[in-house]
Amino acid sequence: TAQRIESSVQSIGSAFVNLGVAIGASGFIKNAFSEFARAEGISLRLNAAIEAGGRNVEGARSRYDEFAATVQRLTVVDDDAVLSMLALAESMGLADSAAQRAVRNSIALAAAKGGEASSYIRLTAALEQGNSEMLGRMLPALRRIEDPTQRAAEAQRLLGNMFNQA
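Parameters at a glance
Residues numbered from 1 in each chain as written. Predicted model: local features only at pLDDT ≥ 70, side-chain atom pairs only at ≥ 80, totals over all residues. Heavy atoms only, no water. Axes fitted to C-alpha atoms, helices over the stretch in contact; angles between N-to-C directions. Helix = DSSP H or I, 4+ residues; strand = E, 2+ residues; numbered from the N terminus. Parallel < 35°, antiparallel > 145°, perpendicular 65-115°, else oblique. Left-handed = near helix turned anticlockwise from the far one by under 90°. Contact = heavy atoms within 4.5 Å. Nonpolar A, V, L, I, M, F, W, Y, C, P; charged D, E, K, R; others polar. Expected span 1.5 Å × (residues − 1). Buried < 20%, exposed > 50% of the residue type's maximum accessible area, 1.4 Å probe, protein only. Polar contact = N/O pair within 3.5 Å; in protein donor to acceptor, adjacent residues only side chain to side chain. Core = buried A, V, L, I, M, F, W, Y, C linked by side-chain atoms within 4.5 Å. Salt bridge = Lys/Arg side-chain N within 4 Å of Asp/Glu carboxyl O.

Comments concerning the packing of helix α3 (residues 79-91) against helix α4 (residues 96-113)
A pair of packed helices can be characterised by two numbers: the angle between their axes and the separation between those axes. Running from N to C, α3 and α4 point in directions that differ by 125°, and their axes come no closer than 9 Å. Taken together, α3 and α4 sit at an angle that is classed as oblique. Both α3 and α4 take part in a crossing whose hand is right-handed. For the pair formed by α3 and α4, the contact residues are Val 82, Met 85, Leu 86, Ala 89 and Glu 90 on the first element and Asp 96, Ala 99, Gln 100, Val 103, Ser 106 and Ile 107 on the second. A breakdown of the residues in the contact of α3 with α4 according to their chemical character gives 7 nonpolar, 2 polar and 2 charged.

Structure below.
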C-alpha cells in the first residue's frame, strides 16, 4: 500500500514535471518566433526605406549589417535596434555615412542623457540635415553659438566625443 501511494505520487510528480517542460518549451518557441517576426519586420522596413531612396538595397544592407554588428560589439545596443534606427534615418532622407552618424549620435545621447537610443534618432537625423535647434535643449553648450553652421559642427564634435565614451 505504501509502495502504491509512493508510486502514484511519483507518477503525478513526473506528469507535472513533463507538463512544466512542455509549457516552458512552448513559451521558448513562441518567444523565438516572436523575435524572428520582429527582426524580419525591421529588415523589411529598412529594405523599403533604402529602396524608396532609389538606392541598391543589397549593397546598402551589406554595409548597414556590418555597421550594426560593429555597434553591437562596441556598445550595449543590439543590432536589430541599430537596423531599426537606420530604417528611420533612411526614411528621413539620410543615407550611408549620414544615417550611420545619426545612429552613433543617438547612442551617444542615450549614454549621456539616459533612455533608449531610438528615442533620439529624430534629433540626430535633424542634425544631419543641418538643424541643430532641437539639440540645443539636450546640449546646453550649443545655446551660446549663434551661427547655425558652427552650432551643427559643435554638436557633431560633442556627440562624437560622447560616442567614444559610450
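Focus on α3
Over its 13 residues, α3 extends 18 Å from the first C-alpha to the last, a length consistent with the 18 Å expected when each residue adds 1.5 Å. Every buried residue of α3 is accounted for by Asp 80, Val 82, Leu 83, Met 85, Leu 86, Ala 87, Ala 89 and Glu 90. Between the side-chain oxygen at the start of α3 and the backbone nitrogen of Asp 80 there is a gap of 3.2 Å, and the oxygen is on Asp 78. Note on α3: the residue one or two positions beyond its end, Gly 93, has a positive phi of about 100°.

With respect to the side chain of Glu 90
Here Glu 90 lies in helix α3. In terms of polar contacts, Glu 90 uses its side chain to reach the side chain of Arg 55, at 2.2 Å. Setting aside residues up to four positions removed in sequence, Glu 90 forms contacts with Leu 46, Ala 49, Ile 50, Arg 55, Tyr 64, Ala 95 and Asp 96.

With respect to the nonpolar core
Ranked by size, the top nonpolar core spans 40 residues in total, and within it Val 82, Leu 86, Val 103, Ile 107, Leu 135, Leu 139 and Leu 159 carry the most contacts. Elements represented by at least two residues in this core include exactly α1 (2-52), α2 (57-74), α3, α4, α5 (121-128), α6 (135-138) and α7 (148-165). It is α4 that contributes the most residues to this core, 8 residues altogether.

Observations regarding the pattern of salt bridges
Pairing between side chains becomes possible if they bear opposite charge and their charged atoms approach one another. All told, the structure shown has 7 salt bridges when counted by the stated rule. Among the ionic pairs, Arg 55 bridges to Asp 96, the shortest N-O distance being 3.1 Å. Of this pair, Arg 55 sits in the loop between α1 and α2 while Asp 96 sits in helix α4, placing them 41 residues apart in sequence. Residue Asp 96 is classed as partly exposed on the basis of its relative accessible area of 27%. Among the salt bridges present, the one from Arg 157 reaches Glu 154, with a minimum N-O distance of 2.7 Å. One end of the pair is Arg 157 and the other is Glu 154, both in helix α7 and 3 residues apart, which spans about a single turn.

Things to note about α5
The buried fraction of α5 is high, at 7 of 8 residues. Within α5, burial applies to Ile 121, Leu 123, Thr 124, Ala 125, Ala 126, Leu 127 and Glu 128. Tucked inside the fold, the buried residues of α5 contact α3, α4, α6 and α7. Where α5 ends, the next residue or the one after it, Gly 130, has phi of about 95°, a positive value.

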